[in-house]
Amino acid sequence: TRQPVRVTVTGAGGQIGYALVFRIAAGALLGTTTPIHLTLLEIPEGVKAAEGTALELEDCAFDLLRGVTVTDDPAVAFEGVNIAVLVGSRPRGPGMERADLLEANGRIFGPQGTAINAGGADDVRVLVVGNPANTNALIAAAHAPDVPSDRFSAMTRLDHNRAVGQLANHLDVSVGAIHGLTVWGNHSASQYPDVFHATAGGRAVRELVDERWLAETFIPRVAQRGSEIIAVRGGSSVASAANAAIDHVRDWVTGRGVDWTSAGVVSDGSYDVPAGLVCSFPVRSVDGQWRIVPALQLNEFSRSRIAASVAELVEERDAVRALGLL
Ligand code: NAX
């Protein structure tokens with residue numbers, strides 16, 4: 001029998017964790033023939049909730065689920081891990097300065113990176129969902145010097161999927177007709193959803209939309225969609241975030257051939273993004289590795305939007321560096 005793939009979800013007692021683990025166990029992540037062992041990492045206050053989730057997982061009698069471990073010890077959680085989805089993080093509390101936020105998250109993602117370095121399987125892949133996702137991924141990768149840095153990525157797939165949904169809606173086409181859309185930069189309000197290389201049903205999107213709609217409606221709505229969900233739903237995005245995490249990991253592991261998507265990956269210096277920053281780029285997964293789509297011609301509008309978001313990433317990196325977290 002096949003060894004189960006070891007999948008670890010942190011923050012598994014929280015909302016996104018709850019929306020994520022049942023779909024993983026049902027086969028949405030790695031297909032319906034790959035057995036899985038799920039490990040749920042929580043902080044001590046969250047362990048009870050994760051244990052409850054584990055009971056419910058048992059009650060689903062998922063064929064693929066070969067075991068569930070609940071722990072509050074990163075060393076246990078990441079022993080032999082093949083896929084780590086790092087959801088648990090420290091959200092910004094009232095009156096919290098950015099430096100406090102970065103420091104609190106450094107204390108989470110530094111030790112988790114260390115534990116992944118010590119215990120991760122040779123093929124370990126890490127997706128960071130917890131905010132600030134790009135910089136948390138940077139911190140985790142910096143603490144895992146023996147793991148190739150391209151095994152760390154940050155989630156901008158929810159932003160990507162939001163952008164695809166908005167564009168398909170505006171053009172009145174199916175989401176499957178949209179290709180070549182990119183979310184660049186930071187997973188924050190400065191992100192830049194770029195349609196200039198996108199096609200809809202084979203037609204160039206730039207010829208179907210006007211710049212005013214892009215600048216005044218599309219870009220802000222995608223970037224502010226998290227706030228819109230909070231305002232309408234009365235709570236943050238949960239199921240759509242879990243869905244995006246599954247899309248990201250599935251595409252990363254299985255590849256997507258000629259199509260592309262968006263993911264926060266360690267920059268190789270492409271598109272004038274300083275090497276080493278975790279920045280969202282247009283990517284394809286080739287042989288299980290994210291590759292940045294090369295040599296796109298960027299217009300002035302795109303270049304200035306990307307530069308603004310990259311400047312924010314540089315600031316975050318410099319701030320965590322100053323705190324000694326890198
Ligand atoms: P919840 O507060 O419901 O759950 C977070 C869970 O993480 C809690 O149960 C908490 O006990 C646990 N946790 C905290 N520190 C931990 C640690 N060191 N180790 C293990 N577990 C730990 O938040 P939820 O709604 O699930 O959101 C989780 C994170 O996702 C937040 O940081 C949020 O900002 C981020 N998001 C990121 C998105 C993205 O696109 N990248 C979109 C959705 C979401 O906003």
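Reading guide: rules and limits
- Residues numbered from 1 in each chain as written.
- Predicted model: local features only at pLDDT ≥ 70, side-chain atom pairs only at ≥ 80, totals over all residues.
- UniProt positions renumbered as here; feature names shortened; annotations may be inferred.
- Near = placed C-beta within 6 Å.
- Helix = DSSP H or I, 4+ residues; strand = E, 2+ residues; numbered from the N terminus.
- Nonpolar A, V, L, I, M, F, W, Y, C, P; charged D, E, K, R; others polar.
- Domains from an automatic or database assignment.
- Buried ≥ 20, exposed ≤ 12 C-beta atoms within 10 Å, placed from the backbone.
- Contact = placed C-beta atoms within 7 Å.
- Pairing = 2+ DSSP bridges.
- Axes fitted to C-alpha atoms, helices over the stretch in contact; angles between N-to-C directions.
- Left-handed = near helix turned anticlockwise from the far one by under 90°.
- Core = buried A, V, L, I, M, F, W, Y, C linked by C-beta atoms within 7 Å.
- Expected span 1.5 Å × (residues − 1).
- Parallel < 35°, antiparallel > 145°, perpendicular 65-115°, else oblique.

Under an unreviewed UniProt entry, the name given to the protein chain is Malate dehydrogenase, and the organism recorded is Cryobacterium gelidum. Quoted verbatim from the Sequence similarities (unreviewed entry) field of the UniProt record, the comment on the protein chain reads "Belongs to the LDH/MDH superfamily. MDH type 2 family." Word for word, the UniProt comment on the protein chain under Function (unreviewed entry) is "Catalyzes the reversible oxidation of malate to oxaloacetate."

1. Concerning the site of the ligand
Neighbouring the ligand are 28 residues; G11, G14, I16, G46 and G88 lie closest to it. In terms of residue count, the dominant contributor to the shell around the ligand is helix α1 (residues 15-26) (three residues). A per-class count over the shell around the ligand returns twelve nonpolar, 14 polar and two charged. Mapping the shell around the ligand onto the domain boundaries places at least three of its residues in each of domain 1 (5-154) and domain 2 (157-316).

2. Remarks on the UniProt feature "domain: Lactate/malate dehydrogenase N-terminal" (unreviewed entry) in the protein chain
Cross-referencing UniProt, the feature "domain: Lactate/malate dehydrogenase N-terminal" (unreviewed entry) maps to residues 5-145 in the present numbering. For residues 5-145, helix accounts for 44% and strand for 19%, while the C-alpha atoms at its two ends are 23 Å apart.

3. As for the UniProt feature "binding site: substrate" (unreviewed entry) in the protein chain
Residues given the UniProt feature "binding site: substrate" (unreviewed entry) here are R92, R98, N131 and R162. Spanning 71 residues, the named residues are also spread out in space, since their farthest C-alpha pair is 26.1 Å apart. Note on R98: 12 C-beta atoms within 10 Å, which makes it exposed. Within the fold, N131 resides in the loop between β5 (125-128) and α5 (133-142). Not counting chain neighbours up to four residues away, the residues in contact with N131 comprise S89 and H187.

4. Observations concerning the domain arrangement of the protein chain
Domain annotation of the protein chain identifies domain 1 (5-154) and domain 2 (157-316). Contact residues are listed per partner, giving 27 residues for domain 1 and 23 residues for domain 2. Contributions of two or more residues to the side of domain 1 that touches domain 2 are made by α1, β4 (83-86), β5, α5 and β6 (152-154). Residue contributions to the side of domain 1 that touches domain 2 peak at six residues, all from α5. Looking at the side of domain 1 that touches domain 2 residue by residue, the class counts come to 18 nonpolar, six polar and three charged.

5. Digging into the sheet that holds strand β11 (residues 203-204)
If you trace the three strands from one edge of the open sheet to the other, you get β7-β10-β11, paired in antiparallel fashion. The sheet is open, and its two borders are formed by β7 (178-179) and β11, each paired with just one other strand. Here two bridges tie strand β10 (residues 199-200) to β11, and the two strands are oriented antiparallel to one another. Bridge pairing in β11 places T199 opposite A204.

6. Some words on the packing of helix α6 (residues 157-171) against helix α7 (residues 211-223)
Running from amino to carboxyl end, α6 crosses α7 at an angle of 145°, the nearest separation of the two axes being 9 Å. Judged by the sense of rotation from one axis to the other, the crossing of α6 with α7 is right-handed. Between α6 and α7, the contacting residues are D159, R162, A163 and Q166 on the first element and F218, R221 and V222 on the second. Classifying every residue of the contact of α6 with α7 by side-chain character gives three nonpolar, one polar and three charged.

7. Section: the pairing of strand β13 (residues 278-286)
For β13, the buried fraction is high: seven of the nine residues fall into the buried class. As paired elements, strand β12 (residues 261-266) and β13 share six bridges and run antiparallel to each other. When the sheet's bridge partners are listed, S262 is paired in β13 with P282. Here β13 folds back onto strand β14 (residues 289-292), and the loop between the two strands holds two residues, one of which, D287, carries a positive phi near 50°.

8. Some points on the nonpolar core
Residues L38, V85, V128, V129, A140 and A245 are the most contacted members of the largest nonpolar core, which totals 90 residues. Inspection of this core shows a minimum of three residues originating in each of domain 1 (5-154) and domain 2 (157-316). Contact partners of L38, with chain neighbours within four places excluded, come to V7, V9, V21, I24, A25, L57, L65 and V68.

9. Some points on helix α10 (residues 300-322)
With 23 residues, α10 ought to run about 33 Å at 1.5 Å a step, and its terminal C-alpha atoms sit 32 Å apart, in line with that. Regarding α10, the residues found buried are R305, I306, S309, V310, L313, E316, R317 and V320. Buried positions along α10 lie against α4 (98-119), α5, β8 (182-184), β9 (192-194) and β13. One or two residues past the end of α10 sits G324, with phi positive at roughly 75°.

10. Focus: the packing of α4 against α5
Packing of α4 against α5 leaves a shortest axis separation of 7 Å and a crossing angle of 40°. By the angle between their axes, α4 is oblique relative to α5. Like other packed secondary-structure pairs, α4 and α5 cross with a definite hand, here right-handed. The segment α4 lies against α5, with L102, N105, G106, F109, G110, Q112, G113 and I116 engaging T135, N136, I139, A140, A141 and A142.

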